[in-house]
Structure formats: structure tokens, C-alpha cells
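Here is how the chains run, residue by residue.
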Amino acid sequence: MLRKKKALFRRLVVFAVLSTLCMTAIQIGAMSTTNQSYENSISEGIIKRVVNEKRSDSRTLMKEKIDIKNIYTMSYSENIPIIGTDMDCQNPAITSNGNDILAIGEEYQGIFTSDLLLTYSSNGGTSWSDIIFDFATEDVMETKPVVDYCENNEFEAYGTCLPDLTGTVYFIHFPSMTDPTVVYKDSEGWTFWQITVDFNDYYAMDIAGYPHGENAPAIDFHGILTLIGDSSYGETIENYYETTDGSIGACYLAFTGQLGDTIAVDIDVSTETYYEAMELSNDPDLELEDGVFFEYCWVEPGNEDWWENDWPGYIFEGAHNPDLSANAGYCYVVAELEGDIVCYYTNDNGETMETSTVVVNGQNPKVSSVGQSALCTYTRDGNLYYAKSNDGGQTWNEFSIINDNSGTVVEEEYSLDVSGSYVVWTDGSNENREIFFSLVGTPPEKPARPNGPTSGGINREHTYTTSTTDLDGDQIYYIFDWGDGDTSEVGPYNSGETGSGSHTWTERGDYSLKVKAKDSAGLESEWSDPLAISMPKSKQLLFNHLFGRLVNIFPILSQLFGL
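Residues numbered from 1 in each chain as written. Predicted model: local features only at pLDDT ≥ 70, side-chain atom pairs only at ≥ 80, totals over all residues. Heavy atoms only, no water.

1. A word on the overall build of the protein
Logical step 1: Across its full length, the protein holds 2 helices and 39 strands.
Logical step 2: The 563 residues of the protein split such that 57% are buried.
Logical step 3: For the protein, the proportion of contacts with a sequence separation of at least 24, taken over those separated by at least 6, is 58%.
Logical step 4: Counting only carbon and sulfur atoms, one obtains 45% of the accessible surface of the protein, whose full area is about 22800 Å². (Helix = DSSP H or I, 4+ residues; strand = E, 2+ residues; numbered from the N terminus. Buried < 20%, exposed > 50% of the residue type's maximum accessible area, 1.4 Å probe, protein only. Contact = heavy atoms within 4.5 Å. Areas by Shrake-Rupley, 256 points an atom, 1.4 Å probe, with all protein chains shown as cover.)

Here it is in C-alpha cells:
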């Protein structure tokens, strides 16, 4: 088990258009940690306290808003290939909120030019929109896109890509994941902000969406864009975020070692915690030769200076190529370690960390999570696989292959991405690379027909039960359709456990009750066989009706009962 040690990082904040950055001292500290393995031998790592020298500098973040022109010229009738042209399409990114899915890829057009392509599905990947071309500015290098769901119906998703040669960082807004006509503020269609930053080289970028509103640090805060690279301060990680009235904030941390080519970030909305993991090597201050540096911070509601809170951290010695996902108090970091895939996980918001082996012999891991369930995808020998954990990362099931045609998966960093149970990857089976999509895992079996009364009185509660199993062992939610326009979701229940739902009909009639199951990964079963229900008027209403007729016939009753 890893023992946590808090470390306070006093970071830099940047405010607004045409504002000046004020540099502050940065401090980081922690204690030694120990990693416990299951199948692999994981080295112990030591984090020592280090104080970086105070820096002073100033620069201006120039920002411009650009409207996106939406052009539809291609479509696909099949589910699997979703982005493909007469050029190489690669480096896919995906996010979802259930049935709505947004996928972005990079079309490589030459050594100095790449374009972002976009497509979306509103039915769980059964069908996809036409590809949207000219999604961002033309004739620049737009590479390695990333996108994340913001868990907010008013502003659904957030995206970015690696800065181009001009040093431009993009804040791409998606007010709607499935409607390109929806506007953000005073713009037309999907839009993005762009700001110019001072970096010599960019290694990688990631994004973590967050619902704006009263729980956000600022009014216009939609999440955090995180960039690593070589800046004027040395090897640096920088976080950018929107604040108020179109202003941009930023904070940074410089290292004495060398950062690798990957960065992974996420925000657990339920605990308001931001997590980041990156490769780091040859850092004498941390006494780290080679590994993954992992840290987190409270995204404090109403505080634009949220980054001034504590930044506890861990080092995972010898690990490479990390990815992470955080949800409902759980955080999973998957990484390569000596040719295998391992998982570093916490179920107490980082207070403690444990390790487990996902699979022996794997590369390029990606992870998504829904509470205690986690899905890890990875490549091996030109194929794409996945493994699942249903116990918070402690154990992982046997791997299963995803791609239909063996040996066609491109095995590179950024060649795949996962969101929930949806996976995208770069396929190399044709002359030009394409981006493929698949749904992994299995939905629950068709639930049993609801069991309960087939008749009764209105305005009285009636209870019904059902059950089913999930082959993946996921927990199950039951969705009851009561036949009168109302639905109810109950759960979670363990696979095979009986679930119950209650309902009150308010109008006389005949109803058809049915139920379907949804697992913790969001996969839904088919509807059960219906149960026919008849709801006559209740005895009390029948008595009132008959008594009313008697009063009309015998008015003296009205006087006797004081009516």
C-alpha cells in the first residue's frame, strides 16, 4: 500500500485577456511511498521535499474567438469505421454521456498540416453523423485532439488539441454534443477560444471537463486544459481554465527532471477533485530516475485560486505511458510497467493507493470508470483488448479481443481512447489509416417479466419485482416503464439479485408494464415481456360517485349530511 504525503504547490495564476502573469514560488513535498503488487514486482519510490527557486516573468495571453463552419460531405452506414478519408486519419478521442457520443480524429495532410475531423452519434453508436470538416482553423497543425464530457446539460463537452507552431492553445466549446447549430454565448455553431503561450516544444495535452455553475471555481469554468512541454521555465506542466467574462487563468509547475510524452488528467465531479499523471525521469530533487508522477488537488467551488490548495502526490517507480479516470470517489491510473499493464487505484480520494496487475504483456493502456467498475483497453501484437474490474481495481477479469480483423490495430501512443464502454482506435488495414469504433462488454440479459398485481385501485401504490443477470458481473439498474408515460429507475443491484419498483396510477385504465436493465457501464438490455394491468376506480371514488347520484335523486340527504 502506498502511504500518502501531502505537498503544497504554490502555483502561478494568470488572469484574463491582456493581463500579466505574476510568478510565485513553488513548493512540493512528500514522504516515501511503498507500492504493493499482485503479479508483478513493483519498485519502491521515494518523494523528497524540494523547494523550487522563485521566478519572476511576465507574458501576455492573447485570446481570439473563432466561429466554426460545419461542412457535411461524408457518411457511413456501418457502425465500425467512423472517420476515414483519402488521407491518414489517426489519434482518435471520444467522450459520451450515455447514448450521445462525440468522436474527434486527426487527418494528417502533410508534415506541417493536420485537420480535426468530428462525428457524433445520438443512439449509442448504432449510427453516426456525417464527418464535420474544417472543424478548426485551416492550414495549421492540429494534432492529438482530446475531448471530455462536462456532466452538464447546459454545456456538454470540452475539447482541445496540441498547440500548433504559433503556440496557440485551443478551448473548444461543445454546448451540444449532437447539434452543431447550438450556439455558445454570441457565437454561431461550435466555437473555440485560442490563446498564445510561451513554449519551446509541446509534448502532450489532455483535458478534464467539469459542470459550470455554483460548484465551479468560477462562472465560466468548464474544466481544465493541461499541457506539458519545454517552456522558458524548463520542463513544465501548465493548467489553463476559463474564469469569468471570458478571462483565462493558468498555473504552472516546473521540474528539474525531464517530462515524457504523455499526460493524463480527469476531475471527479462527485468529490470536486482534479487528478493528473505524467511521466518523469532524471529528477534529482525528487530522487526519481524513471516513473510516473501522480498528484491531485481540490477544485474548490467559488475560488478562482483553487490551485493554491494542497497537492498531495505519489511516484510510481518504473511506470510509463499513464492514463487515468476518476469517478464517485474512485481514481484509476493504468500504466505500462516492465512490459505489463498495472493499475494504481484509490477508493478514498487519494488518501491511500493500492496496485494490481491488469494483464501480463500489454501496451498503450487507456481506462474509463463508472464507480467501482473500470474498463482498461490496451494493445498487443496488432490487436486491441480489454479487461474489466468490478471491485474498484483490486482484480481484473480475463482479457477479450475487440477488433474483428487480427493484426490491424495501430500500436502507438494516442492510437486509442475509451469512454464508458465505447472504444475508438486507429486501424491500419487499408491503404490509409481510419478510425474505428466499438462497444465493448455485454449488456444485461433480458429481465424477467415484472411480477406483481395485475389489477388494483387507482391512487394506491403497487409494487413489482424483476431480475436478470449480467455476464460481465456489473451491477444492474432496473428501469420500469409503467405504461402511463412515467418511468422509474431503481438500483443498483448485484447481478441476479431481485429488484423492485413501486408506482401509483392516478387514472382508470389498462396499462402495459415492462422493464429493462442497465449495467454500471451504461449498457442496456432489451425490454422485458409486458405485464397487462387493469386499474379500475378505487372503492372510495366509486362510493363518492354513487353517493353523488343519490344526493341528486334525494336532496334531503344533502341536508342530513350537511352538504
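2. Considerations on the packing of aromatic side chains
Logical step 1: A full pass over the atoms with the stated rule returns 27 aromatic pairs.
Logical step 2: Taking the centre distance of 5.9 Å and the plane angle of 10° together, the rings of Tyr 275 and Phe 294 count as stacked. Here the residue Tyr 275 occupies a position in strand S20 (residues 273-283), and Phe 294 occupies one in strand S21 (residues 288-298), the gap between them amounting to 19 residues.
Logical step 3: Consider the rings of Phe 294 and Tyr 296, whose centres lie 6.1 Å apart with planes at 40°: the pair is tilted. The same class applies to Phe 294 as to Tyr 296, namely buried.
Logical step 4: Site record: aromatic cluster; members linked through ring pairs are Tyr 210, Phe 221, Tyr 241, Tyr 274, Trp 306 and Trp 311. (Phe/Tyr/Trp six-rings, centres within 6.5 Å; stacked < 30°, edge-to-face > 60°.)

3. Considering the pattern of salt bridges
Logical step 1: Within this structure, the stated rule accounts for 5 salt bridges.
Logical step 2: In this structure, Lys 446 and Asp 529 form a salt bridge, with 2.8 Å as the shortest nitrogen-oxygen distance. Linking Lys 446 in the loop between strand S33 (434-439) and strand S34 (461-466) with Asp 529 in the loop between strand S38 (509-519) and strand S39 (531-535), this pair joins segments that are 83 residues apart in sequence.
Logical step 3: Here Lys 446 falls in the partly exposed class, since its relative accessible area comes to 36%.
Logical step 4: Asp 529 gets classed as partly exposed once you look at its relative accessible area, which sits at 42%. (Salt bridge = Lys/Arg side-chain N within 4 Å of Asp/Glu carboxyl O.)

4. Considerations on the pairing of S38
Logical step 1: In this structure, strand S35 (residues 476-481) lies alongside S38, joined through 6 bridges in antiparallel fashion. Considered in S38, the bridge of Asp 481 is made with Lys 514.
Logical step 2: The pairing of S38 with S39 spans 5 bridges and is classified as antiparallel. Each residue of the ladder has a partner; that of Gly 509, found in S39, is Met 535. (Pairing = 2+ DSSP bridges.)

5. Brief notes about the sheet that holds strand S28 (residues 373-380)
Logical step 1: With antiparallel pairing, 4 strands are arranged side by side in an open sheet as S27-S28-S29-S30. Each having just a single partner strand, strand S27 (363-370) and strand S30 (400-401) make up the two edges of the open sheet.
Logical step 2: In this sheet, S28 lies alongside S27 in antiparallel orientation, the contact comprising 6 bridges. Across the sheet, Lys 366 pairs through a bridge with Thr 377, a residue of S28.

6. A short note on the nonpolar core
The nonpolar side chains of a soluble globular protein tend to be buried with one another.
Logical step 1: By size, the foremost hydrophobic cluster in this structure holds 31 residues, and its most contacted members are Phe 221, Phe 255 and Trp 306.
Logical step 2: Of all the secondary-structure elements, those providing two or more residues to this core are strand S15 (199-209), strand S16 (223-231), strand S17 (234-242), strand S18 (248-255), strand S19 (258-268), S20 and S21.
Logical step 3: No other element matches S19, which puts 4 residues into this core.
Logical step 4: Among residues more than four places away in sequence, those in contact with Trp 306 are Pro 217, Phe 221, Ile 224, Tyr 241, Cys 297, Trp 298, Val 299, Glu 300 and Trp 311.
Logical step 5: Grouped together as the second largest cluster of nonpolar side chains are 19 residues, Leu 162, Met 205, Leu 225 and Leu 227 included. (Core = buried A, V, L, I, M, F, W, Y, C linked by side-chain atoms within 4.5 Å.)

7. Concerning the environment of Asn 200
Logical step 1: Position of Asn 200 among the secondary structure elements: in strand S15.
Logical step 2: C-alpha separation for the pair Asn 200 and Ser 231, spaced 31 residues apart in sequence, amounts to 5.2 Å.
Logical step 3: For Asn 200, the residues in contact, after removing those within four places along its chain, are Asp 230, Ser 231 and Ser 232.

8. Section: the side chain of Asp 148
Logical step 1: By the secondary structure assignment, Asp 148 is in strand S11 (residues 143-149).
Logical step 2: With no salt bridge to any partner, buried Asp 148 finds its closest opposite charge in Lys 366, at an N-O distance of 11 Å.
Logical step 3: A distance of 2.8 Å separates a polar side-chain atom of Asp 148 from the backbone nitrogen of Gly 209.
Logical step 4: Those residues in contact with Asp 148, other than ones at most four positions away along the chain, are Thr 95, Glu 156, Ala 157, Tyr 158, Ile 207, Ala 208, Gly 209 and Asp 266. (Lys, Arg positive; Asp, Glu negative; His and termini not counted. Polar contact = N/O pair within 3.5 Å; in protein donor to acceptor, adjacent residues only side chain to side chain.)

9. Points about the pairing of strand S25 (residues 340-346)
Logical step 1: Counting buried residues along S25, 7 of its 7 residues qualify, which places the element largely inside the surrounding structure.
Logical step 2: Going residue by residue along S25, you find Asp 340, Val 342, Tyr 344 and Thr 346 tucked away on one face and Ile 341, Cys 343 and Tyr 345 tucked away on the opposite face as well.
Logical step 3: Linkage of strand S24 (residues 330-337) to S25, two consecutive antiparallel strands, is achieved through a turn of 2 residues, within which Glu 338 is found at a positive phi near 55°.
Logical step 4: Summarising the sheet, S25 and strand S26 (residues 352-359) pair through 5 bridges and their orientation is antiparallel.

10. Some remarks on the side chain of Gln 90
Logical step 1: Positionally, Gln 90 belongs in strand S7 (residues 88-96).
Logical step 2: A polar contact of 3.1 Å, which involves the side chain of Gln 90, links it to the side chain of Arg 433.
Logical step 3: Every residue in contact with Gln 90, bar those within four places of it in the chain, is listed here: Gly 105, Glu 106, Tyr 108, Thr 426, Arg 433 and Ile 435.

11. A short note on the sheet that holds strand S22 (residues 313-317)
Logical step 1: Strands sit in the order S19-S20-S21-S22 across an open sheet of 4 strands; the sheet is antiparallel. Each edge of the sheet is formed by a strand with only one pairing partner; in this case those strands are S19 and S22. Recorded for the sheet is a direction-independent mean angle of 20° between the axes of neighbouring strands.
Logical step 2: Pairing geometry for S21 and S22, over 5 bridges, is antiparallel. (Axes fitted to C-alpha atoms, helices over the stretch in contact; angles between N-to-C directions.)

12. Quick look at the environment of Arg 449
Logical step 1: You can see Arg 449 is positioned in the loop between S33 and S34.
Logical step 2: Non-local contacts of Arg 449, meaning those with residues more than four positions away in its chain, are made with Thr 465, Ser 528, Asp 529, Pro 530 and Leu 531.

13. A word on unusual backbone geometry
Logical step 1: In this structure, the amide linkage connecting Gly 491 to the following residue, Pro 492, adopts the cis form with an omega of 10°.
Logical step 2: For Glu 338, which is not glycine, the phi torsion reads 55° and is therefore positive.
Logical step 3: Along the chain, Glu 338 turns up in the loop between S24 and S25.
Logical step 4: Among the residues examined, Glu 338 registers a relative accessible area of 64% and is labelled exposed.
Logical step 5: Look at Asn 364: it is not a glycine, yet its phi comes out positive at around 55°.
Logical step 6: With respect to the secondary-structure elements, Asn 364 resides in strand S27.

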